[in-house]
Structure formats: C-alpha cells, structure tokens
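If you want the building blocks of each chain, they are given just below.
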Amino acid sequence: MTLGVLTASIVIVVVTYFPNQQLRRLALGGQRKGPRAQAWSKWLTIYYLVLPLVLLGLVIPWLQAISGVSPIIWVFKLMFTSSTHMRMLCYWAGTLALAIALVRRKGSSSSAPAASDSSTGGATPSSAPAPIPNIIVRKFFHLLALVLFVPGLMVDAPFLGVSYALACALFVFMETLKFGRIPPLGPWLAAFMDGFTDARDQGVFTLTHIYLLLGCAVPLWMTMMAPSVQVPHLSILPYAGLIVIGLGDSFASLAGLYFGRHKWPGTSKTVEGTVGGVISMLAGVWLLGHITGTPIPASSWGWVGAATVLAGVMEAATTQIDNLVLPLFYYSLFLLTK
C-alpha cells in the first residue's frame, strides 16, 4: 500500500497538470478581470471536477485492487483503531502546529520595520530585531524532523513507514495547489513556502521539503523491505536519514555559519562546518545505539567513523539539494560496516 499511495499521488499530479498549468498562468499574469476572470473560473471548475473524478474513478479503485481493501477503510483503521497511533498523530499535529506558529512569528518579527526615534526623526537601529538568516530557518525544519520522527521510530516503526508515504503524497498534492495558486490553500501555501527558498530551489516546483521527507523515509522503507539484512548496527539503519540530515546537515550549517573560517576549495562551505556535522552524527549514532538497546560494537566504530567522515565530506562537496542523496549514501556505507 505504501508504494501504491506514492504512485497515486504522482498520477493525480499528471492528470491534473494541464488545468493546473492554466490556473498558474492566469494567477501570475496580472489582475483577473473580464475575460481573464471568466477563464480563471472555467479552469478552476475543470480542476475541481477532474480531481474527484480521478480520485473516485481511478485512484481509489486501483488502490483497492492492488491491496484487496478499501483505502478509505484502511486509512481509518490505521489511524483511529489504535490508541498508540492516535497519540502519535496528536503529537505530530501539535508539534507541527507549534513549529509553524514559531516560524511565522519569527518571520514577521524579522521583517518588522524599525521603530521610529522621535528625537532624531529616524529609525533607531538598535530597536529593529536582527533578521534571521534563511539558512537557520531551513535547518530548523531539519531539526524538527528529528523531534517528529525519532519518537515514531522508537514507538512504532511500521506505522511511521506508512505515515511517511501518506505525508509524501500530501506534500505532493500541496505542491500542486501551490503551483496553480488554487484556492483556498494555494495562495497561502505559495506565500508561506516561498519565503524559505534559496538559489538551489529553482523551477516552478519547490521540492526541498519533499526531498527532506523522502530522505528521512527511504532508509526505513529499505530496512523494512530487506529485514534479513544483518549488520552489527541493524537498529540504527532506519535512523540513517535522520542522523545525516537532522543532525549532520543542520549542525554543519550552524557550525559553518558561526565558526567557519577555512573554506573547502571551490565551495562556500567550511572545514569547521564539516567537523561540526561529523561530530554531531557520531554523537547521534552513539546515543541512538544506547537508547535502542543495541549500541555499536567497539569493533565497528572504526568503519562507522570513516563512513560518517565520508558523509560529512560529501555534504561539503554537494552544491545541490542533498536531502535525498546523503541519506542513501550514509545508509549504503552503514551496510558495509563489519
């Protein structure tokens, strides 16, 4: 069902792409008056007619055919027939709501104008809050992934694996709404998410958050699909993405931003940032090993350390969005540990 949910989200994007593209053209083409307003209403109606037809006539029957159960009933039972699952859902919802409120508050305070000084007739420099660097806000979401998903892995890994798939499908659908500025959520999603993009987020789609979620999910999915794989640190494998993205990538950026002095050749990233990322990953591996009750054997620490250093160097050498590549690289290196 996990693969089916991911495939279904792609099918919806493909089938609704043309009306979505027309809506985007009209939304970004200026004021919608006269013929433009009529065209907007026409394509919006088409979109909202096509979407339920695709869901009810194609996606849901196909998911039921491949799984043998109604996907609606399956989702309901999965989420609401287990007290553990319901507690996890409440935890995720509460944490996300708090994080979004915090980011919105910090963003608004950073963009607030400086207070006026009546004695000079100008703005008081010290009264304006220092703007929060965009890189800090982006890495906040990486750390948020740790807070959200590490408890889920410890409590119920299979449920988290399915939740990853559902969340990825939801993210893809939200991105289509943002792409076409489709009301009621599309304009708000565009205004909110576009505030966190940088030069690497090029093109009409913003995929950073989807790559981040996939980077956390793929190591768990691969571990669940190959349970016979036996390595000394098997319990750490599902955490590979969280370790390298949530800890390594985040602390590398923070250490480089505040302590970086020596840059790697041909890049803006620093040696100090890489060292900070590697140290944070090693600490995370050690801590998770003890929390899960399966610490890394002493004989394996040499290769674990080497794998972690290689992942840190790769992060420093990567100029594109690495949220998906680094977890796969780190996971693969873990499989080679003796």
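Residues numbered from 1 in each chain as written. Predicted model: local features only at pLDDT ≥ 70, side-chain atom pairs only at ≥ 80, totals over all residues. Heavy atoms only, no water.

A. Structural context of a nonpolar patch on the surface. The grouping of M154, V155, W286, L287 and I291 at the surface amounts to a nonpolar patch, some 490 Å² of accessible area in total. Elements supplying a minimum of two residues to the nonpolar patch: α6 (134-155) and α11 (271-291). No other element matches α11, which puts 3 residues into the nonpolar patch. Tracing the chain through its elements places W286 in helix α11. (Patch = residues over 30% accessible without salt bridge, like charges linked within 9 Å, V, L, I, M, F, W, Y side chains within 5 Å. Areas by Shrake-Rupley, 256 points an atom, 1.4 Å probe, with all protein chains shown as cover. Salt bridge = Lys/Arg side-chain N within 4 Å of Asp/Glu carboxyl O. Helix = DSSP H or I, 4+ residues; strand = E, 2+ residues; numbered from the N terminus.)

B. Layout of the packing of aromatic side chains. Evaluation of the coordinates by the stated rule reveals 9 aromatic pairs. Centroid distance Y47 to Y48: 5.5 Å. Interplanar angle 80 degrees. Geometry classified as edge-to-face. Both rings, one in F76 and one in F80, keep their centres 5.4 Å apart while their planes meet at 50 degrees; by these two values the pair is tilted. Placement of the pair is F76 and F80 together in helix α4 (residues 71-80), with a separation of 4 residues, close to one helical turn. (Phe/Tyr/Trp six-rings, centres within 6.5 Å; stacked < 30°, edge-to-face > 60°.)

C. Main features of unusual backbone geometry. Geometrically, the link from P183 to P184 is a cis peptide bond, its omega value of 5 degrees lying close to zero. With respect to the secondary-structure elements, P184 resides in the loop between α7 (157-180) and α8 (186-193). Although it is not a glycine, R181 sits at a positive phi angle of roughly 55 degrees. Tracing the backbone shows R181 in the loop between α7 and α8.

D. Quick peek at the side chain of T176. Tracing the chain through its elements places T176 in helix α7. Note on T176: relative accessible area 4%, which makes it buried. (Buried < 20%, exposed > 50% of the residue type's maximum accessible area, 1.4 Å probe, protein only.)

E. Representation of the confidence of the model for the protein in the model. Chain-level statistics for the protein give a pLDDT mean of 84 and a share of 87% at 70 or above. Within the protein, the lowest mean pLDDT, 39, falls on strand β1 (residues 116-117), and the highest, 93, falls on α11. (pLDDT = per-residue confidence, 0-100.)

F. Representation of the pattern of salt bridges. One pass over the full model with this rule turns up 3 salt bridges. With a closest N to O distance of 2.9 Å, K139 and D249 form a salt bridge. Placement of K139 in helix α6 and of D249 in helix α10 (residues 240-259) is noted, with a sequence separation of 110 residues between them. Of the two residues, K139 and D249, neither departs from the other in class, the shared state being buried. Close ionic contact of E175 with K178 constitutes a salt bridge, the shortest N to O distance being 3.2 Å.

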